Amino acid sequence: MEKEKGKIDKEEKEKINEVKEKIDKEKMEEEKEEEALTSNESPISREVPGQEEKDKAETPKKTEPEEEEIDIDLNAPETEKAALAIQGKFRRFQKRKQDPSS
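Note that this is a predicted model, so its numbers are computed, not measured.

Here the focus is the overall build of the protein chain. For the protein chain, the helix and strand inventory stands at four helices and zero strands. Walking the protein chain from its N terminus toward its C terminus, one meets helices and strands in the order α-α-α-α. Within the protein chain, the fraction of its 102 residues that count as buried is 8%.

To continue, consider a negative patch on the surface. Negative charge collects at one region of the surface, where Glu-26, Glu-29, Glu-30, Glu-31, Glu-33, Glu-34 and Glu-35 lie side by side. Following the sequence through the fold, Glu-29 ends up in helix α1 (residues 2-38). A relative accessible area of 40% means that Glu-29 is categorised as partly exposed.

Turning our attention to a positive patch on the surface. Taken together, the side chains of Lys-20, Lys-89, Arg-92 and Arg-96 present a region of like positive charge at the surface. Sorting elements by how many residues they give to the positive patch places helix α4 (residues 77-98) first, with three residues. With relative accessibility at 31%, the residue Lys-20 sits in the partly exposed group.

What follows is about the side chain of Glu-12. Mapped onto the elements, Glu-12 comes out in helix α1. No salt bridge is formed by the buried Glu-12, whose closest oppositely charged neighbour, Lys-15, lies at an N-O distance of 4.3 Å. Excluding residues that lie within four positions of it along the chain, Glu-12 makes contacts with Glu-78 and Thr-79.

Put simply, the protein chain has an average pLDDT of 76, and 64% of its residues get 70 or more. Mean pLDDT across the elements of the protein chain ranges from a minimum in helix α2 (residues 43-46), with 50, to a maximum in α4, with 93.

Inspection of the secondary structure puts Thr-79 in helix α4. Look past the residues within four positions of Thr-79 in its chain and what remains in contact with it is Glu-12, Ile-72, Asp-73 and Leu-74.

A few words now on the environment of Glu-30. By secondary structure assignment, the location of Glu-30 is in helix α1. Considered as a pair, Glu-30 and Lys-97 are 67 residues apart in the sequence and their alpha carbons are 10.0 Å apart. Discounting residues that sit within four places of it in the chain, Glu-30 has contacts with Phe-93 and Lys-97.

Criteria and thresholds
Residues numbered from 1 in each chain as written. Predicted model: local features only at pLDDT ≥ 70, side-chain atom pairs only at ≥ 80, totals over all residues. Heavy atoms only, no water. Helix = DSSP H or I, 4+ residues; strand = E, 2+ residues; numbered from the N terminus. Buried < 20%, exposed > 50% of the residue type's maximum accessible area, 1.4 Å probe, protein only. Patch = residues over 30% accessible without salt bridge, like charges linked within 9 Å, V, L, I, M, F, W, Y side chains within 5 Å. Areas by Shrake-Rupley, 256 points an atom, 1.4 Å probe, with all protein chains shown as cover. Salt bridge = Lys/Arg side-chain N within 4 Å of Asp/Glu carboxyl O. Lys, Arg positive; Asp, Glu negative; His and termini not counted. Charge placed at Lys NZ, Arg CZ, Asp CG, Glu CD. Contact = heavy atoms within 4.5 Å. pLDDT = per-residue confidence, 0-100.

See the structure below:
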């Protein structure tokens, strides 16, 4: 029974880490967008000409979007702890975004 519990905890921790990484990635993207908006030069002028065409050529179009089925027990205490941690980080991020001096 103990091994099974450890496995569940490890899976939950992996899911929590994935969510945290996604939030960090989104935060970095928002910061880049914010920098682009505050800079004098437009983000389009910084792009390499023809780069978009190369990217399109390298990635084949998918006919169906891939959807990953994620089954998370919303009543689990680990899920609640993860949600609270994520919400706290998001609130701190929003506060820093509104008041960059702190």
